[in-house]
Amino acid sequence: MIYLDHNATTPVDPQVLKEMLPYFSERYHNPSSVCSKSQENRELIETIRHSIASILGAHEDEIFFTSGGTESDNLAIKGVALRNRDKGNHIITSGIEHPAVLEAVKYLGENGFRVDYVPVDRYGIVDLEALEMNIRKDTVLISIMHANNEVGTIQPLEEISKTARREGIIFHTDAVQSVGKLPINVDRLGVDLLSLSGHKLYGPKGIGAIYIRRGIEFYPIIHGGHQERSVRAGTENVPGIVGLGKALELAVKNIEEHNTIIKSLRDMLWDGIKKSIPDVVLNGHPENRLAGTLNVSFRNIEGEAILLALDMAGIAASSGSACSSGSSVPSHVLSAMGLPPEVGRGTVRFSLGHQNTREDIEKVLQVLPGIVQRLRAMSPLSQ
Ligand SMILES: *Cc1c(COP(=O)(O)O)cnc(C)c1O
């Protein structure tokens with residue numbers, strides 16, 4: 001199987017798995033108990049918190065463990081908006097966010113908040129002027145993602161955060177796709193809250209973290225015990241935290257090296273597609289995007305049909321977002337970028353990762369032109 005769906009999830013790195021395993025067996029102790037084994041686990045969690053904080057340029061009391069990217073986004077959005085309601089009830093986000101952000105914001109919209117969605121250009125970059133024009137006296141939160149999961153476009157967070165700072169508005173970013181792939185420093189980016197997830201960076205599923213800048217006021221969204229300084233109740237996912245810590249450590253050690261290799265394979269794939277298949281469109285920013293992401297629309301056919309044929313040839317890719325697969329509705333991201341629905345329907349997202357090789361790309365380039373040609377010959381859309 002050739003796996004080209006790393007933006008959906010990544011395999012757990014064997015070194016990460018090895019670190020995690022003892023915490024399922026002999027080191028199972030609850031970090032909140034008093035026995036010495038429990039205290040060892042408590043100290044370990046704090047060591048990992050410290051190491052994640054230093055990787056992000058944060059203080060360790062600004063990092064909280066969660067169950068993943070979705071929970072971090074929910075905590076950032078609902079936690080901040082509800083706590084700051086007395087200051088205003090207006091939220092700004094974009095139309096290309098992950099459903100974890102869009103649905104959290106929609107929930108608030110149904111519960112007394114006003115939401116504005118900033119438009120993006122055809123490459124998926126947020127319109128800064130429109131953002132400024134949407135700011136009102138009662139705007140309490142701006143949430144704009146760092147790198148988009150479908151097309152890979154990277155947002156100018158430094159510029160957005162300058163505006164947010166100047167206006168005194170809290171700024172959250174969903175950095176689930178960028179942590180481990182781009183160098184991240186919360187002060188340089190100027191963000192107040194940042195979400196990340198383990199399974200997008202060769203760590204396990206079901207673990208994530210959130211950075212919350214000192215002084216930002218928010219409510220917890222999971223209530224119960226006093227874990228995570230009462231920000232996130234529930235017995236800590238010790239193996240998950242160990243895995244997240246190790247995965248992040250490995251990811252940031254090799255960012256440049258990985259990006260160089262992955263980008264050259266991705267460009268090889270795009271060059272090959274352009275040469276062998278007519279009527280294709282590259283979605284996302286030509287330069288300013290994640291090294292491993294290649295989102296292509298093939299005119300006059302359905303993306304799903306291409307995916308099924310690729311799957312039969314032993315190649316795993318995606319139509320864009322895992323959440324919208326199975327439906328032939330064009331993705332909200334491509335629609336927001338102004339791609340006509342008839343083009344958007346024929347979209348495949350290839351997302352490359354560490355294990356991919358030149359042979360993988362050659363294999364894809366051997367089978368893809370034939371698949372597209374065959375589907376186009378049968379397609380009523382081509383007539
Ligand atoms: C995968 C993803 C999420 C959700 O993270 P989970 O850990 O799967 O809940 C959120 N935002 C983006 C951009 C993602 O790619």
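For the structure itself, consult the block above.
Residues numbered from 1 in each chain as written. Predicted model: local features only at pLDDT ≥ 70, side-chain atom pairs only at ≥ 80, totals over all residues. Heavy atoms only, no water.

**Describing the packing of aromatic side chains**
Then, in step 1: Overall, the coordinates contain 1 aromatic pair when judged by the stated rule.
Then, in step 2: Ring centres of phenylalanine 64 and phenylalanine 218 lie 6.4 Å apart, and the angle between their planes is 65 degrees; this geometry places the pair in the edge-to-face category. Of the two residues, phenylalanine 64 is situated in strand β2 (residues 63-66) and phenylalanine 218 in the loop between β8 (208-212) and α8 (238-253); the sequence distance between them amounts to 154 residues.
Then, in step 3: With relative accessibility at 18%, the residue phenylalanine 218 sits in the buried group. (Phe/Tyr/Trp six-rings, centres within 6.5 Å; stacked < 30°, edge-to-face > 60°. Helix = DSSP H or I, 4+ residues; strand = E, 2+ residues; numbered from the N terminus. Buried < 20%, exposed > 50% of the residue type's maximum accessible area, 1.4 Å probe, protein only.)

**Considering the side chain of arginine 232**
Then, in step 1: Structurally, the position occupied by arginine 232 is in the loop between β8 and α8.
Then, in step 2: Not counting residues up to four positions away in its chain, the partners in contact with arginine 232 are Phe65, Thr66, Ser67, Glu71, Ile222 and Gln227. (Contact = heavy atoms within 4.5 Å.)

**Quick notes on the sheet that holds strand β9 (residues 280-283)**
Then, in step 1: Ordered by their spatial adjacency, 3 strands build an open sheet running β9-β10-β12, and the pairing between neighbours is antiparallel. Each end of this open sheet is capped by a strand with a single partner; those strands are β9 and β12 (347-351). Averaged over all neighbouring strand pairs, the angle between strand axes comes to 25 degrees, with direction disregarded.
Then, in step 2: Pairing of β9 with strand β10 (residues 293-298), which is carried by 4 bridges, proceeds in the antiparallel orientation. Its bridge partner being in β10, leucine 282 is matched across the sheet by valine 296.
Then, in step 3: Packed onto the sheet, helix α9 (residues 255-276) meets β9, β10 and β12 and runs at close to 15 degrees relative to β10.
Then, in step 4: Across the face of the sheet, helix α10 (residues 303-312) comes into contact with β10 and β12 while running at roughly 45 degrees to β12. (Pairing = 2+ DSSP bridges. Axes fitted to C-alpha atoms, helices over the stretch in contact; angles between N-to-C directions.)

**Some details on the pattern of salt bridges**
Then, in step 1: For the structure shown, the criterion picks out 22 salt bridges.
Then, in step 2: With a closest N to O distance of 2.8 Å, arginine 49 and glutamate 46 form a salt bridge. Of this pair, arginine 49 and glutamate 46 both sit in helix α2 (residues 36-56), 3 residues apart, which is roughly one turn of the helix.
Then, in step 3: On the basis of relative accessible area, arginine 49 is assigned to the buried category, the value being 3%.
Then, in step 4: Relative accessible area serves as the criterion here: at 28%, glutamate 46 is assigned to the partly exposed category.
Then, in step 5: Residue arginine 166 pairs with glutamate 167 through a salt bridge whose shortest N-O separation is 3.6 Å. (Salt bridge = Lys/Arg side-chain N within 4 Å of Asp/Glu carboxyl O.)

**Brief notes about unusual backbone geometry**
Then, in step 1: The phi torsion at tyrosine 202 lies on the positive side, around 70 degrees, for a residue other than glycine.
Then, in step 2: Along the polypeptide, tyrosine 202 turns up in the loop between β7 (193-197) and β8.
Then, in step 3: For tyrosine 202, a relative accessible area of 11% gives the class buried.

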